[in-house]
Amino acid sequence: MTDAGIPAEDGGGARPWRHARRRREGTEAAGAAGVAQNTPRRPSVGRRLDPRRWSLWRAPRRVVVAVLVVDVLAVALSLAVAGLEPVGPGDWQALALLVLGLVVHVETARGIERRREVVADGQPYIELKSVWSFAGLLLLPLGLALALVVVTFAYWWLRVSQRPVPHRWTYSAATVLIASVAAWAVLELIPGGLLVKVSGPVGLLVLVAAGLTRWTVNHGLVVFMICLSAPGTPWWKRLGSPTDTLIGLGALALGAALAVVALTTPWLLPVLLIPVMGMHRGFLIQQFARAARTDPKTGLSNASAWRDQAERELARLRRRGGELGVIMVDIDAFKAINDRHGHLVGDAVLRAVADTLRSEVRPYDAVGRFGGEEFVVLLAEAGPEQVGTTAERLRRRISECQVEVAPTLGGGTVQGLTASIGTASFPQASRDLDGLMVSADTALYAAKHGGRNRVECAPPRPTQR
């Protein structure tokens, strides 16, 4: 979560998939429902804040070390610079005004943010706390500006978050503290107050540079932690969408406007809450749209979204010519994993396989969760030989997966995973998507019956005379 802080499996029409898979999906859904019914009640605030109970200590050592280093660095840096600028009576009034605006903002947007948190289902998403913390950086002495960051995170945590993880919040706050100090150093390139700094084109450039510095440091530290926690996916795939980046920078720009208005015409401050609430509504709609096309357990495209993309690619190839491959992947003996370790560990295995598939194909190839323990991959501009080679590489990479099991779920490591894979190529096996899927599905069935942990390629369709 940054300061700038997903299951319909199939939305299409009926298609010829095997009924056995539907039964497996139903069993998995029932098991997941059972887990949800036995979820313990939310612990008290005191117990959640007790560092001894933090889930951080069950994370890999590299994650623990990184979190602690960043947290300690943020505290030490904040204490070192807090007294660099004197605090006057007017500064306390400005702080009170910003806190009041924060409270009104949070209470007004609380319902929206809680729905966004549910829709995000654990995925990072952009928040608008930076409007107030960046405005504070421009208006207040550095010590009070850093204190406002802490107040902002604490109030948001208490009033909005329904499933808070303390060490994630402390890390997020630490990244913003460090980013704020970096941005302040850029602002100090021009002496004087805010209105003096932004009075000319050079001042505007410095203000923009400060905002970019704050966003880059904050976002960079968050992406670093995501990559450290879930290695395997290239870092550039963790940066987020261009829309999220634009939203994060837009929130900082709104914070700068809020600071200027507060100095010149403070009675107009309530008007700025209107665009803030409009942005919240826009985020919610965007997030619901994204959730409707995303599998909540793996973050891949769901079956409906994957099919839409595949149909578009097929239509393009029919017009321009070219080849395409479909790969169907089924994790072998997945039910045994659920039976032995539980559905939560099974979900972790699904995520590990999803990350492996995503990291082993090209950025413009489409990877989706087809349902249960099955995945589909669309290889654009790939002939039968390349499709078969890619499928074999995916099989090997899946066999190398190791999934660490949290101590609360029994501990240990799930390894020795295998997968059966079926492939089909366009136009050799079929010229339509349903035909390709049936061909790949049949090849997958042959791989299962041939001993599992193998790749089978659908043969070309007979030539019609």
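Residues numbered from 1 in each chain as written. Predicted model: local features only at pLDDT ≥ 70, side-chain atom pairs only at ≥ 80, totals over all residues. Heavy atoms only, no water.

**Student:** Go over the pairing of strand S3 (residues 374-380), please, and point to the residues and values.
**Tutor:** Among the seven residues in S3, seven count as buried, and that is most of the element. The side-chain alternation of S3 yields two buried faces, one formed by Glu374, Val376, Leu378 and Ala380 and the other by Phe375, Val377 and Leu379. Pairing analysis gives seven bridges linking strand S1 (residues 324-331) to S3, with the strands arranged antiparallel. What sits directly across from Val329, in S3, is Phe375. Across five bridges, the pairing between strand S2 (residues 366-371) and S3 is antiparallel. Residue Arg369 lies in a different strand from S3, and its bridge partner there is Phe375. (Buried < 20%, exposed > 50% of the residue type's maximum accessible area, 1.4 Å probe, protein only. Helix = DSSP H or I, 4+ residues; strand = E, 2+ residues; numbered from the N terminus. Pairing = 2+ DSSP bridges.)

**Student:** Can you explain the side chain of Asp71? Please cite residues and give values.
**Tutor:** Mapped onto the secondary structure, Asp71 falls in helix H3 (residues 61-81). With no salt bridge to any partner, buried Asp71 finds its closest opposite charge in Arg168, at an N-O distance of 12 Å. Apart from the residues lying within four places of it in its own chain, the contact partners of Asp71 are Thr170, Tyr171 and Ala174. (Lys, Arg positive; Asp, Glu negative; His and termini not counted. Salt bridge = Lys/Arg side-chain N within 4 Å of Asp/Glu carboxyl O. Contact = heavy atoms within 4.5 Å.)

**Student:** Kindly report on the packing of helix H13 (residues 334-341) against helix H14 (residues 343-360), identifying the contributing residues and their values.
**Tutor:** Contact geometry of H13 with H14 gives a least axis separation of 7 Å together with a crossing angle of 140 degrees. Here H13 lies oblique to H14, going by the angle between them. Across from Phe334, Ile337, Asn338 and His341 in H13, the residues of H14 making contact are His343, Val345, Gly346, Val349 and Leu350. When its residues are assigned to classes, the contact of H13 with H14 shows five nonpolar, four polar and no charged. (Axes fitted to C-alpha atoms, helices over the stretch in contact; angles between N-to-C directions. Parallel < 35°, antiparallel > 145°, perpendicular 65-115°, else oblique. Nonpolar A, V, L, I, M, F, W, Y, C, P; charged D, E, K, R; others polar.)

**Student:** Explain the sheet that holds S1 to me, and be specific about the residues and the numbers.
**Tutor:** Spatially, the five strands line up as an open sheet ordered S2-S3-S1-S6-S7, and their pairing is mixed. Each edge of the sheet is formed by a strand with only one pairing partner; in this case those strands are S2 and strand S7 (455-457). Within the sheet, the average angular offset between the axes of one strand and its neighbour, ignoring direction, is 20 degrees. Note that strand S6 (residues 419-426) and S7 share three bridges and pair parallel. In the sheet register, Ile421 faces S7, and the bridge partner there is Val455. Against the sheet, helix H12 (residues 303-320) contacts S1, S2, S3 and S6, and its axis sits at roughly 25 degrees relative to S3.

**Student:** Quick one: what's the story with H3, residue by residue and with numbers?
**Tutor:** The first and last C-alpha atoms of H3 sit 30 Å apart over 21 residues, in line with the 30 Å expected at 1.5 Å per residue. Those residues of H3 not exposed but buried are Val63, Val64, Ala66, Val67, Val70, Asp71, Ala74, Ser78 and Val81. For H3, the elements touching its buried residues are helix H6 (142-159), helix H7 (166-187) and helix H9 (201-229). (Expected span 1.5 Å × (residues − 1).)

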